[in-house]
There are 2 protein chains.
Amino acid sequence: MKDKILQYLSKYTVITKELEKAIAESTFIQCFKKGEILLKKGSTSNECYFIIKGCIRSYYLKDGDEKTIEFYTEDEAVIPLNYDTIIPSGHYLECVEETIVSVGNPELESETFQKFPELATLSRIIGEKIMAQQQESFADYKMSTPEERYLNLVKRRPDLIQRVPQHQIASYLSIKPESLSRIKRRIMNK
Amino acid sequence: MKDKILQYLSKYTVITKELEKAIAESTFIQCFKKGEILLKKGSTSNECYFIIKGCIRSYYLKDGDEKTIEFYTEDEAVIPLNYDTIIPSGHYLECVEETIVSVGNPELESETFQKFPELATLSRIIGEKIMAQQQESFADYKMSTPEERYLNLVKRRPDLIQRVPQHQIASYLSIKPESLSRIKRRIMNK
DNA sequence: TCTATTTCTTAACTAAAGTCAATGCGACGA
DNA sequence: TCGTCGCATTGACTTTAGTTAAGAAATAGA
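Residues numbered from 1 in each chain as written. Chains lettered and ligands numbered in written order. Predicted model: local features only at pLDDT ≥ 70, side-chain atom pairs only at ≥ 80, totals over all residues. Heavy atoms only, no water.

Brief notes about the relation of the copies chain B and chain A
Between chain B and chain A, which share one sequence, the superposing operator has a rotation angle of 180° and an axial displacement of 0.0 Å; the RMSD is 0.0 Å. As the rotation angle and translation indicate, the two copies are arranged about a two-fold axis. Take the interface residues of chain B: 100% of them recur as interface residues in chain A, which is what a same-surface contact looks like. (Least-squares fit on C-alpha atoms with pLDDT ≥ 70 in both. Contact = heavy atoms within 4.5 Å.)

Structure below.
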C-alpha cells in the first residue's frame, strides 16, 4: 500500500531505509466509501491525503447546487485549502467512488520534517510544482470555451469521463448537464 | 523607495538593521514605461518583481488576441510562472502604466536566504498565502457569471476599472469589449 | 427480479454572449 | 488646429448556454 507514496516521492529524492520508516510512521492508511464526505463546509481541516486508489471531488455549494472545483485521482495529493489553519472550510471533499488514501497531519508532518530536512525541502518543491500547475490550468480554463474545456478534459483525463457522473463533469466545466449533452452531440456530428 | 518592501515584510516578521541591509543588497529598483514588455512568450525568466508603484498585466496570446490573466498593482509580488526554471514562458508581462519595481533574482535570493533563514521561511509562508488566494479566486471565477465577475471586480479592485483600458478589463473577465459595454448598461438600468 | 430513484437526453423557449458593422469620442502627433 | 488612430458604445443578427419540462436509460435497493 505505502509503496505508492514511496514510488511517488522517489521521483524527487533518494528513499533511504530510514526515510521509508519515517514516512510509514507519519502517515496511515484509510478507506472511504463512495459518497463519504471527508471535509464539510464550515469545519476546520487537519488532515491531508495522498490518493492510493479512487477519486475525490472538491466542490462548493452556491444557490443550492454544487460547483465542482477539482477531481483528484491516483497518485495525487489532496491538501484542503484551509489545511493546518483555524479557518473554516468553504468547500466540501467527497469520494466519487470507494477511495483508499494515505493520511497525513501537521503534527506528524513537522516531526518528520525535523528529522528529515530534505523532506521539508521536497514538500516545498512539490508545493511549488502544484502551484505552477494550478496557475496553468487556470489560464487554460480562462482562455477556453465550454466546448474546448470538454475536449481538453477528454484528452487529458479520459478516465474521468468514465468514472464520474456527467452532471458532475458538467459542473466541473461550469455548465449545466443539458449543455454538456448538447456539446457532446455537437462534437459527434462533426 | 525600498521602504515599501520593508513595510510589506514587517507585516510578517521583525525587520532588523541587518535584514534591512541584506534586502537592500539583494534587490534593485527599476522603472518601466507604459507599454514596456518585461517578459515575452518563449523567453526564460530569472527576475521577479515587487511593485512599488504602477500596474503590470500578464496575458497570453491565443488566436491572435490577448487573454489577460492577471493585473498586479502596488505592494504585490509578480513571480513569472517559469521563474528560476529553464522553461520558456507561455505568457507576457506588460506595464499598463509607468511602473516602478524592486527586482529580485534567484542568485541574490539564495545568498540572502542562507544568511537569513527566517527570510526563507517567510518566503514560503507568503508563497502559501498567494497559493491559497489563487485557489480561492479560481473558485470564485468558476462559480460566477461574467456579470457577477464584473461586479466583484468593481467591489474588490475599483482602481483597476479606472486605470486599465476597458478592453483589457473585458479580456480579464473572458468576454468581448462589446459584452462588457452591455453588462455595464444592464447594471445601470437596475 | 422488480421497483424506485437518479442520471442522461431531448425539445421548446428565453437570456446572454459572440460577431459584424457603424458611429462617436478623445488622445496624440503632424 | 486639424486629422488620424485607437477605444468605447450601439444596433442587428447569430450562436450558445440557461430554463423548464418530459421522457428514456441506467443504477441501486428491497
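A look at the packing of helix α4 (residues 117-143) of chain A against helix α4 (residues 117-143) of chain B
Packing of α4(A) against α4(B) brings their axes to within 11 Å, and their N-to-C directions diverge by 25°. Relative to α4(B), the element α4(A) lies roughly parallel. For α4(A) against α4(B), the interelement crossing comes out left-handed. Residues A:R124, A:G127, A:I130, A:M131, A:Q134, A:Q135, A:F138, A:Y141 and A:K142 of α4(A) pack against B:R124, B:G127, B:I130, B:M131, B:Q134, B:Q135, B:F138, B:Y141 and B:K142 of α4(B). Here the contact of α4(A) with α4(B) is composed, by residue class, of eight nonpolar, six polar and four charged. (Axes fitted to C-alpha atoms, helices over the stretch in contact; angles between N-to-C directions. Helix = DSSP H or I, 4+ residues; strand = E, 2+ residues; numbered from the N terminus. Parallel < 35°, antiparallel > 145°, perpendicular 65-115°, else oblique. Left-handed = near helix turned anticlockwise from the far one by under 90°. Nonpolar A, V, L, I, M, F, W, Y, C, P; charged D, E, K, R; others polar.)

Considerations on the side chain of A:N105
Counting through the fold element by element, A:N105 comes out in the loop between β8 (99-104) and α3 (106-115). Side-chain polar atoms of A:N105 contact the backbone nitrogen of A:E107, separated by 3.2 Å. (Polar contact = N/O pair within 3.5 Å; in protein donor to acceptor, adjacent residues only side chain to side chain.)

So, the pattern of salt bridges
Summed over the entire model, instances satisfying the criterion amount to 30 salt bridges over all chains. The salt bridge involving A:E76 is made with A:R157; its shortest N-O contact spans 3.6 Å. Remark: A:R157 occurs in the loop between α5 (146-156) and α6 (158-163) and A:E76 occurs in the loop between β5 (65-72) and β6 (77-78); sequence separation between them is 81 residues. Take A:R157: its relative accessible area is 16%, and that puts it in the buried class. B:E20 is paired through a salt bridge with B:K17; the nearest N and O atoms lie 4.0 Å apart. With B:E20 and B:K17 both in helix α2 (residues 17-26) and three residues apart, this pair spans about one turn of that helix. (Salt bridge = Lys/Arg side-chain N within 4 Å of Asp/Glu carboxyl O. Buried < 20%, exposed > 50% of the residue type's maximum accessible area, 1.4 Å probe, protein only.)

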